[in-house]
Amino acid sequence: MMLEYLLPQAASFAHDIDWLFTVIFITVGFWFVVAQGVLFYFIFRFRRQDGVRSLYVAGEVKAEKQWVSIPHYLVILCDLGLIAGTILVWINVKQALPAAEERVRIVGQQWAWTFVHAGPDGQLDTADDITRIDELHVKENTVYHFELLSKDVIHSFSVPVFRLKQDAVPGRVITGWFKPTKTGQFDIQCAEMCGLGHGVMAARIQIETKEEYDKWMSEQG
């Protein structure tokens, strides 16, 4: 895939989303090249020539109309294929949530992210919860369910290496999931204009092995 050479894939569904973008790019690019090739061929083929009078083409002859109708049908056929692929990826990423192994609460507000990690008991809203600002810790190869909220305006929780972007809407609790697959530190950003400080609303996600995560949690006291 082309996108993974520009941006690492660090979630289980990142490959599916990159695949969809690649199919769209190749399909649209193919028709762009064909359309430009036909256009420039006609410009050259029917250029002004001495002794040749121009003709007005009304498009009423069936053979002429086929130059429009046949590409039109082929583009619709490609659209149907892209829509089917999009629905399949949407269901896998947005609708079919695998069983949660860990849970985390994510709260957006102008202009910071608050992350509430479930403590050793694995439950949110208990005394051992660990809260961090602009710092999210997760374990590799673990399915997380997240609760996404906003305290003020609409934000958009975006983790580019996950290919994940989800709006946070005031008054709503939005549930989603991800499964980190690559250790390291990566960017979190707000992808929705949320006020004067939108540009500085950045955070970091640290994807750790189980041993590293357990060590971090034991150090939180």
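Here the structure is a predicted model, which means the values were calculated and not measured.

Caption draft 1: Structural context of unusual backbone geometry. The peptide bond linking Gln-110 to Trp-111 adopts the cis configuration, its omega dihedral lying at -5 degrees. Along the chain, Trp-111 falls in the loop between strand 1 (102–109) and strand 2 (112–117). The phi torsion at Asp-125 lies on the positive side, around 65 degrees, for a residue other than glycine. Asp-125 sits in the exposed class, given a relative accessible area of 60%. With a phi close to 55 degrees, Asn-141 is a non-glycine residue in the positive phi region. A residue is classified by how much of its surface remains accessible, and Asn-141, at 44% relative accessible area, is partly exposed.

Caption draft 2: The arrangement of the sheet that holds strand 1 in detail. Spatial ordering of the open sheet is given by 3-2-1-5-8, a layout of 5 strands whose pairing is mixed. A strand with exactly one partner marks an edge of an open sheet, and here the two such strands are strand 3 (130–133) and strand 8 (174–178). On average, each strand axis in the sheet is inclined to that of its neighbour by 25 degrees, with strand direction left out of account. Here strand 5 (residues 144–150) runs beside strand 8; their pairing, made up of 5 bridges, is antiparallel. Paired with Tyr-144 across the strands is Phe-178, a residue of strand 8. Strands strand 2, strand 3 and strand 5 of the sheet are contacted by helix 4 (residues 210–218), whose axis makes an angle of about 95 degrees with strand 3.

Caption draft 3: Structural view of the pattern of salt bridges. By the definition in use, this model includes 8 salt bridges. Between Arg-204 and Asp-187 there is a salt bridge, with its nearest N and O atoms 2.5 Å apart. Of the two residues, Arg-204 is situated in strand 10 (residues 202–208) and Asp-187 in strand 9 (residues 184–190); the sequence distance between them amounts to 17 residues. In this structure, the salt-bridge partner of Asp-214 is Lys-210, at a minimum N-O distance of 2.8 Å. Of this pair, Asp-214 and Lys-210 both sit in helix 4, 4 residues apart, which is roughly one turn of that helix. Salt bridges here are not isolated pairs; linked through shared partners, they connect Arg-105, Asp-125 and Glu-147.

Caption draft 4: Region of interest: helix 3 (residues 62–95). Taking 1.5 Å of rise per residue, the 34 residues of helix 3 would be expected to cover 50 Å, and the 46 Å separating its terminal C-alpha atoms lies within 8% of that figure. Maximum bend of helix 3: about 30 degrees, positioned at Val-68, with proline Pro-71 one to four residues after it. Within the span of helix 3, buried status applies to Leu-82, Gly-85, Val-89 and Val-93. On its buried face, helix 3 is in contact with helix 2 (14–45) and strand 8.

Caption draft 5: Quick peek at the pairing of strand 6 (residues 155–159). The element strand 6 is extensively covered by neighbouring structure, given that 5 of its 5 residues are classed as buried. By the alternation rule, side chains of strand 6 split into His-155, Phe-157 and Val-159 and Ser-156 and Ser-158, which are all buried. What sits between the antiparallel neighbours strand 6 and strand 7 (residues 164–168) is a turn of 4 residues, in which Arg-163 has the positive phi angle 60 degrees. Here 2 bridges tie strand 6 to strand 9, and the two strands are oriented antiparallel to one another.

Caption draft 6: Quick peek at the sheet that holds strand 10. Across the sheet, which stays open at both edges, the 5 strands sit in the order 4-10-9-6-7 with mixed pairing between neighbours. In this open sheet, the two edge strands, each paired with only one partner strand, are strand 4 (135–139) and strand 7. Each strand axis lies, on average, 25 degrees off the axis of its neighbour in the sheet, ignoring direction. As paired strands, strand 6 and strand 7 are joined by 5 bridges and run antiparallel to one another.

Rules and cut-offs
- Residues numbered from 1 in each chain as written.
- Predicted model: local features only at pLDDT ≥ 70, side-chain atom pairs only at ≥ 80, totals over all residues.
- Heavy atoms only, no water.
- Helix = DSSP H or I, 4+ residues; strand = E, 2+ residues; numbered from the N terminus.
- Buried < 20%, exposed > 50% of the residue type's maximum accessible area, 1.4 Å probe, protein only.
- Pairing = 2+ DSSP bridges.
- Axes fitted to C-alpha atoms, helices over the stretch in contact; angles between N-to-C directions.
- Contact = heavy atoms within 4.5 Å.
- Salt bridge = Lys/Arg side-chain N within 4 Å of Asp/Glu carboxyl O.
- Expected span 1.5 Å × (residues − 1).
- Bend = angle between axes of the 7 residues up to and from the residue.

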